[in-house]
Amino acid sequence: MPIAFTGSTCARRGCSRPDWKDGLCSRCWRLAAFFGKDPGLFAYEPLNGYADGRDAVALPWERLERELLDGG
Ligand SMILES: [Zn+2]
């Protein structure tokens with residue numbers, strides 16, 4: 001049986017990084033902090049946006065990660 005990470009993982013949908021703080025991985029937590037959002041709520045921002053785009057604004061995760069977290 002291979003060694004596997006068995007602890008919590010990031011609560012953000014589609015993110016498989018280890019849980020770092022408040023249920024989010026370090027990257028997602030930093031994005032949450034940047035937006036001034038509650039990490040616990042931020043975790044549930046869908047990775048690929050909502051099915052109905054009118055319900056909420058989807059965050060441009062890939063661009064944000066590149067711009068804000070490059071080198072982090
Ligand atoms: Zn994450």
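Here, every reference points to the structure presented above.
Trainee: Describe in detail the overall build of the chain, supporting the description with residues and values.
Mentor: Along its length, the chain carries three helices and zero strands. Sequence-ordered secondary structure for the chain, helices as α and strands as β, is α-α-α. Evaluated residue by residue, the chain yields a buried proportion of 15% over its 72 residues. Sequence-distant contacts in the chain: of pairs separated by 6 or more residues, those separated by 24 or more amount to 25%.

Trainee: I'd like a description of the environment of Lys21, backed by residues and values.
Mentor: Position of Lys21 relative to the elements: it lies in the segment before α1 (26–35). Distance from Lys21 to Cys10, taken between C-alpha atoms, is 8.8 Å for residues eleven residues apart in sequence.

Trainee: Break down the nonpolar core for me, citing the residues and quoting the values.
Mentor: If you look at the biggest cluster of nonpolar residues, it comprises seven residues: Cys10, Leu24, Cys25, Cys28, Trp29, Leu31 and Ala32. For Cys25, the residues in contact, after removing those within four places along its chain, are Cys10, Cys15, Arg17, Pro18, Asp19 and Trp20.

Trainee: Talk me through unusual backbone geometry; I want residue IDs and the actual numbers.
Mentor: What you tend to see is this: most non-glycine residues have negative phi, and most peptide bonds are trans. Not every positive phi belongs to a glycine, and Asp22 is a case in point at roughly 55°. Note that Asp22 resides in the segment before α1. For Asp22, a count of 15 C-beta atoms within 10 Å puts it in the partly exposed group.

Trainee: Give me the lowdown on the environment of Gly7, citing residues and values where you can.
Mentor: Following the sequence through the fold, Gly7 ends up in the segment before α1. For Gly7 and Asp19, which are twelve residues apart along the polypeptide, the C-alpha to C-alpha distance reads 7.7 Å. Excluding residues within four positions of it along the chain, Gly7 makes contact with Pro18 and Asp19.

Trainee: Describe α1, listing the residues and the values that go with them.
Mentor: Among all positions in α1, only Cys28, Trp29, Leu31 and Ala32 are buried. Buried residues in α1, looked at end-on, bunch into an arc of 160°, giving them a common side.

Rules used in this analysis
Residues numbered from 1 in each chain as written. Predicted model: local features only at pLDDT ≥ 70, side-chain atom pairs only at ≥ 80, totals over all residues. Helix = DSSP H or I, 4+ residues; strand = E, 2+ residues; numbered from the N terminus. Buried ≥ 20, exposed ≤ 12 C-beta atoms within 10 Å, placed from the backbone. Contact = placed C-beta atoms within 7 Å. Core = buried A, V, L, I, M, F, W, Y, C linked by C-beta atoms within 7 Å. Arc of directions from axis to C-beta.

That's the geometry; what it means functionally is another story.
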